[in-house]
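Overview (structure and organization)
The primary structure of each chain is shown beneath.
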Amino acid sequence: MARAPRGLWLPVAAGWVAVVLAAGGAAQAAPGAVSFAVEPFQNVQRIGALQHLVYGLPAVVAERFAQAAPLRFAGRPELFSKRTPGGAAWVVGGSFDRGPDWNVSVTVEIRRAGAPGQVVGRASRVGSKEAAAATVIDAAQAAFAALPGVQFGPEQAARLGTKFTQDAYAFVLYARGVGAFHGGGGGPGRAALAEQYLRHALLVEPKVPEVRRFLGVALLATQKPAQARGMLSAAIDRRPDYLLALRTLAAIDRSEAAPGARDRYARLVELDPDDVAARRAYAELLVEAGRMAEARQQLEAVLAADPADARARRLLVTVLSSRQEGPALATALEAAVKGEPNDLDLRMDLGAAYLSVGRKQEAAAVYDEVLHRRPHHPGALKLAGDLARERGDFKAAAGYYARLRAVAPRDPRPVFLLATTYAQAGDLDRAERWFEDAGQMPGMLGDAYGNLGAICLRRGDARQALWYLSRAVKRRPERVAARYNHALALHQLGREAEALDELHAAVELDPGDAGVRFFDGVVALSLGKLAEATESFKTAVELDPAADDARENLALLERRETEAATP
């Protein structure tokens, strides 16, 4: 029996989560968390040779105390912002000046956020110019100790006191880089200058994770996400629990729809349970993956920490709807929409509730109404396209997805959706062109090759399919569909032993895939491996009782075995 190729279309969530390619927003603190932000220090005597300390000293404080329990840094990845982050309870500032012996005196002050005159902790320390980083760490540790509930045990105090850099000049370059990034109003030009300083710092001392992390931030600001990813990954290699680096890397992964984004956010939540923004993002990724029970737990934790989080509450509506709680939710949302007809988020929630109970026509009408009010709404465009594709209106679906692509030109998902739509409509030539376009997008070549190989199989061109699929499995070895189609191309070309190896790899990836088990049995049978074929057909039937082909082949093999055993 001829085997049909599997589609390899990039999975796209039922909901559409807008993700901006940026270093990520400020982490929100749970109520009562000992969270802090930093601001530039004052150069009391305005000494040019010490100007790098204006940003360098508070940057060291932010980095070193960001994970010094019970403290947590509530600022952005670039460390400084014009306004105090909303999650910060305390603001760390200070000053420095030079003594007659050229030693540097550093004062750290901690104020209550929103109350500039309320200094709750202050400490001063004196050290050499070369030891300025160590001096500010010592002063900050003493100032933080004045906050209620903040104590550092001997082991933690020892970690805090380790040198920021081994080479004093590497710290100077790091501090100049941070200052360059924030000076002169910021912008790409300042980020490019910061990049120069930070690369020089790495030449002087290449193993400082904080330098690599901030260089990653600068590279992101100059639109170099691939290089930023490399720097951030290197920083995490040096410090596996490096929260500030992990936050930015997770945001990059999410913006690029990278497969590892969900795991990174899971790690963030593990390392910092008070990071409400990370927990919400993790919940959104769980929803995209269809893991609704886990998503509900995360969203309820978000709302327990911040009951006013409308984004989390609306997503929870979607999750509850998907768990067959839709009828009551739909009724409640209908009333809510009547009360707030201009709230498009409520309308999107109502559409989700309708979908959860199978009222697809009403859902489509909701999304059309949203698009009437806001023609470029990405979620409504995506879901309207999905519904059109589901009912076989491929022309309308392609129109919605094309508009979605215009809204999110850097996101690969609309391109894959367009290609999938044309493939389902039987327009393989146009689908092929869209998948070729998808392959030009960062990180998408493996998925594009897999889809192009599937198209070649549908055309009956096994040799060209093999060219694409052999490359797809190298780039995306975890894709079961790619391995299945690769095995199918090998099988059609008579290369049965290689096909069986590929199916074994697919079985390891997904032991519960009845289709892979059946095909494994077919290829094993063609190689005369009757025992393996019997076992594969038997497993296929156990996994899918409706697998009649597997059941029939199993019966034939068992009958043959009985006849062979009969004298």
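Everything discussed here concerns the structure shown above.
1. What to know about the overall build of the protein
- The secondary structure content of the protein amounts to 25 helices and six strands.
- With the C-alpha coordinates of the protein rotated into their principal frame, the extents come out at 105 × 60 × 45 Å.
- The burial tally for the protein puts 52% of its 567 residues in the buried class.
- For the protein, contacts bridging at least 24 residues in sequence account for 57% of all contacts bridging at least 6.
- In the structure as shown, the protein presents an accessible area of about 25,500 Å², 50% of it carried by carbon and sulfur atoms.
- Positive and negative charge centroids in the protein, built from 71 and 67 side chains respectively, lie 6 Å apart.

2. A closer look at a negative patch on the surface
- A cluster of acidic side chains, namely Asp-544, Asp-548, Asp-549 and Glu-552, defines a negative patch on the protein surface.
- In this structure, Asp-549 sits in helix α25 (residues 548-565).
- On the basis of relative accessibility, which here comes to 32%, the residue Asp-549 falls in the partly exposed class.

3. Observations concerning the side chain of Gln-298
- On the secondary structure map, Gln-298 appears in helix α11 (residues 292-305).
- With residues near it in sequence (within four places) discarded, Gln-298 still touches Val-269, Arg-279, Tyr-282, Ala-283 and Leu-286.

4. Some details on the packing of helix α18 (residues 428-438) against helix α19 (residues 445-459)
- Where α18 meets α19, the axes come as close as 9 Å, and the angle between the chain directions of the two elements is 160°. Overall, the two elements α18 and α19 adopt an arrangement that is roughly antiparallel. In the packing of α18 onto α19, the handedness of the crossing is left-handed. On the side of α18, the interface is formed by Leu-428, Asp-429, Ala-431, Glu-432, Phe-435, Glu-436 and Ala-438, while α19 contributes Ala-448, Asn-451, Leu-452, Ile-455, Arg-458 and Arg-459.
- For the contact of α18 with α19, the class distribution of residues is seven nonpolar, one polar and five charged.

5. Remarks on helix α4 (residues 168-182)
- Across its 15 residues, α4 extends 22 Å between first and last C-alpha, which sits within 8% of the 21 Å expected from 1.5 Å per residue.
- Of all 15 residues in α4, twelve are buried; the element is thus mostly enclosed.
- Restricting attention to buried positions, one finds in α4 the residues Ala-170, Phe-171, Val-172, Leu-173, Tyr-174, Ala-175, Gly-177, Val-178, Gly-179, Ala-180, Phe-181 and His-182.
- If you follow the buried residues of α4, they end up packed against α1 (53-65), α2 (132-144), α5 (188-204) and α6 (209-221).
- Its side-chain oxygen at 2.8 Å from the backbone nitrogen of Tyr-169, Asp-167 defines the N-terminal cap of α4.

6. So, the packing of helix α10 (residues 276-288) against α11
- Contact geometry of α10 with α11 gives a least axis separation of 8 Å together with a crossing angle of 155°. Overall, the two elements α10 and α11 adopt an arrangement that is roughly antiparallel. Where α10 crosses over α11, the handedness of that crossing is left-handed. Facing α10, whose interface residues are Val-276, Arg-279, Arg-280, Tyr-282, Ala-283, Leu-286 and Val-287, α11 presents Met-292, Glu-294, Ala-295, Gln-298, Leu-299, Ala-301, Val-302 and Ala-305.
- Grouping the amino acids of the contact of α10 with α11 by side-chain chemistry returns eleven nonpolar, one polar and three charged.

Definitions and cut-offs
- Residues numbered from 1 in each chain as written.
- Predicted model: local features only at pLDDT ≥ 70, side-chain atom pairs only at ≥ 80, totals over all residues.
- Heavy atoms only, no water.
- Helix = DSSP H or I, 4+ residues; strand = E, 2+ residues; numbered from the N terminus.
- Buried < 20%, exposed > 50% of the residue type's maximum accessible area, 1.4 Å probe, protein only.
- Contact = heavy atoms within 4.5 Å.
- Areas by Shrake-Rupley, 256 points an atom, 1.4 Å probe, with all protein chains shown as cover.
- Lys, Arg positive; Asp, Glu negative; His and termini not counted.
- Charge placed at Lys NZ, Arg CZ, Asp CG, Glu CD.
- Patch = residues over 30% accessible without salt bridge, like charges linked within 9 Å, V, L, I, M, F, W, Y side chains within 5 Å.
- Salt bridge = Lys/Arg side-chain N within 4 Å of Asp/Glu carboxyl O.
- Axes fitted to C-alpha atoms, helices over the stretch in contact; angles between N-to-C directions.
- Parallel < 35°, antiparallel > 145°, perpendicular 65-115°, else oblique.
- Left-handed = near helix turned anticlockwise from the far one by under 90°.
- Nonpolar A, V, L, I, M, F, W, Y, C, P; charged D, E, K, R; others polar.
- Expected span 1.5 Å × (residues − 1).
- Polar contact = N/O pair within 3.5 Å; in protein donor to acceptor, adjacent residues only side chain to side chain.

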